[in-house]
Amino acid sequence: MPKAYAFTEHGGPEVEAFLDLATPEPGPGQLLVAVRAAGVNPVDWKLRAGKRRPGQGPLTGPEVLGSEVAGVVERVGPGVTGFAPGDRVFGNPVTGGFAQYTLVPADIAAHQPDTLSFPEAAVLPVAAATAYDGLRQLDLPAGATLLITGAGGGVGVAATQIARHFGLRVVGTASAGKKEFVESLGAVHVPRGPRLAERIREAVPGGRVDAVFDLVGGADLAEVAQLLTDRKKLITAAAKETVAELGGAPVERARTAAVLDEIALLAVAGVLRPHVTATYPLERADEALRAVESGHTRGKVVIEVTA
């Protein structure tokens, strides 16, 4: 079985490849984790296409895909406390998650509750944590109305559930085919398409929303922004440049173990259902990424790695 799925240069799917890579060595503050499951996210194919994370240098060699994992600690690096070999953990890897082994900084890793499976825990560090951070940033009072664009995707599903737990009314945009799914999360569904802002006003009592959590960007973001009088309540996880022009802000990511602990507690309590809707073995990582890149998945896609 291939050890890792990576991209060798920036471009389309043709630059992806299965590679046999050496097991990484944990440095100070790092955990070597035997991956059991890895979440698949839009950011994965965007990185392959050329997007770079803040502070990340140019591509100098193969880069393993995958931004969130769950697995078992194999070894701990110098200075690590609170973790030991054999611990079940989840977090954000620094050497890619579509692999048999990866490195995870201990300060952005958390212990995996026994009641969560590896696939369930693997989808929390990116989508659920982004949703949690965004809702804390908006800091809305119970009873406020929140519009979530792209409510049927990974972040949207988590944001809708957590927002409902916080006592918010949620209106979610998604394709017409996701209507039943979005409504099952407790949101009012509005299909994407022409006259979006007008149709949202018609769907909301009083015709207004108090905040917008955008996960789509593009024309949808520009249109729904007009629903707000206070653009400080406009945030996005999809279009930093556009939201700045509109007077809003990108989601401020905390990227801490404390946030992972919080969302794990929500998952254990049944408040946040991970909604893993498709799983693929590592040797079919290309298919998993194509499914997410198509933009038509609902919930979360996971790659499972055999022990």
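(A) Quick peek at the environment of Asp-20. Locating Asp-20 in the fold gives a position in the loop between strand E2 (16–19) and strand E3 (30–40). Separated by 114 residues in sequence, Asp-20 and Gly-134 have C-alpha atoms that sit 38 Å apart.

(B) Structural view of the environment of Arg-208. Inspection of the secondary structure puts Arg-208 in the loop between helix H6 (196–203) and strand E12 (211–214). When the C-alpha positions of Arg-208 and Arg-53 are compared, they lie 35 Å apart, and in sequence the two are 155 residues distant.

(C) Representation of the sheet that holds E2 in the model. Pairing within the open sheet is antiparallel, and its three strands lie in the order E2-E1-E4. For this open sheet the edge positions go to E2 and strand E4 (63–64), each flanked by a neighbour on one side alone. Where strand E1 (residues 4–7) meets E2, four bridges bridge the pair, whose relative direction is antiparallel. Within E2, the residue paired with Phe-7 across the bridge is Glu-16. Those strands touched by helix H10 (residues 285–293) are E1 and E2, and its axis lies near 150° from that of E2.

(D) Spatial organisation of the pattern of salt bridges. Counted by the stated rule, this structure contains 15 salt bridges. For Arg-48, the salt bridge identified is with Glu-16, shortest N-O distance 2.9 Å. Within this pair, whereas Arg-48 is found in helix H1 (residues 42–49), its partner Glu-16 is found in strand E2, the two being separated by 32 residues in sequence. Taking the relative accessible area as the measure of exposure, Arg-48 reaches 2% and is therefore buried. One network of salt bridges, in which partners are shared, links Glu-16, Arg-48, Arg-290 and Glu-293.

(E) Inspection of the packing of helix H3 (residues 124–138) against helix H9 (residues 257–268) at higher detail. One can describe the packing of H3 onto H9 by two numbers: an axis separation of 10 Å at closest approach and a directional angle of 95°. In terms of axis orientation, H3 runs roughly perpendicular to H9. Contact with H3, carried on its side by Leu-124, Pro-125, Ala-128, Ala-129, Tyr-132 and Asp-133, involves Val-259, Leu-260, Glu-262, Ile-263, Ala-264 and Leu-266 of H9 and no other residues of that element. Among the residues forming the contact of H3 with H9, the class breakdown is 10 nonpolar, no polar and two charged.

(F) View of the pairing of strand E6 (residues 88–91). One ladder, built from four bridges, connects strand E5 (residues 68–76) with E6; its direction is antiparallel. Looking across to E6, one finds that Gly-71 is bridged to Val-89. Note: E6 against strand E8 (residues 109–111), three bridges, orientation antiparallel. Opposite Gly-91, over in E8, you have Ala-109 as the bridge partner.

Cut-offs used in this document
Residues numbered from 1 in each chain as written. Predicted model: local features only at pLDDT ≥ 70, side-chain atom pairs only at ≥ 80, totals over all residues. Heavy atoms only, no water. Helix = DSSP H or I, 4+ residues; strand = E, 2+ residues; numbered from the N terminus. Pairing = 2+ DSSP bridges. Contact = heavy atoms within 4.5 Å. Axes fitted to C-alpha atoms, helices over the stretch in contact; angles between N-to-C directions. Salt bridge = Lys/Arg side-chain N within 4 Å of Asp/Glu carboxyl O. Buried < 20%, exposed > 50% of the residue type's maximum accessible area, 1.4 Å probe, protein only. Parallel < 35°, antiparallel > 145°, perpendicular 65-115°, else oblique. Nonpolar A, V, L, I, M, F, W, Y, C, P; charged D, E, K, R; others polar.

Scope: geometric values only; no functional claims are made or implied.
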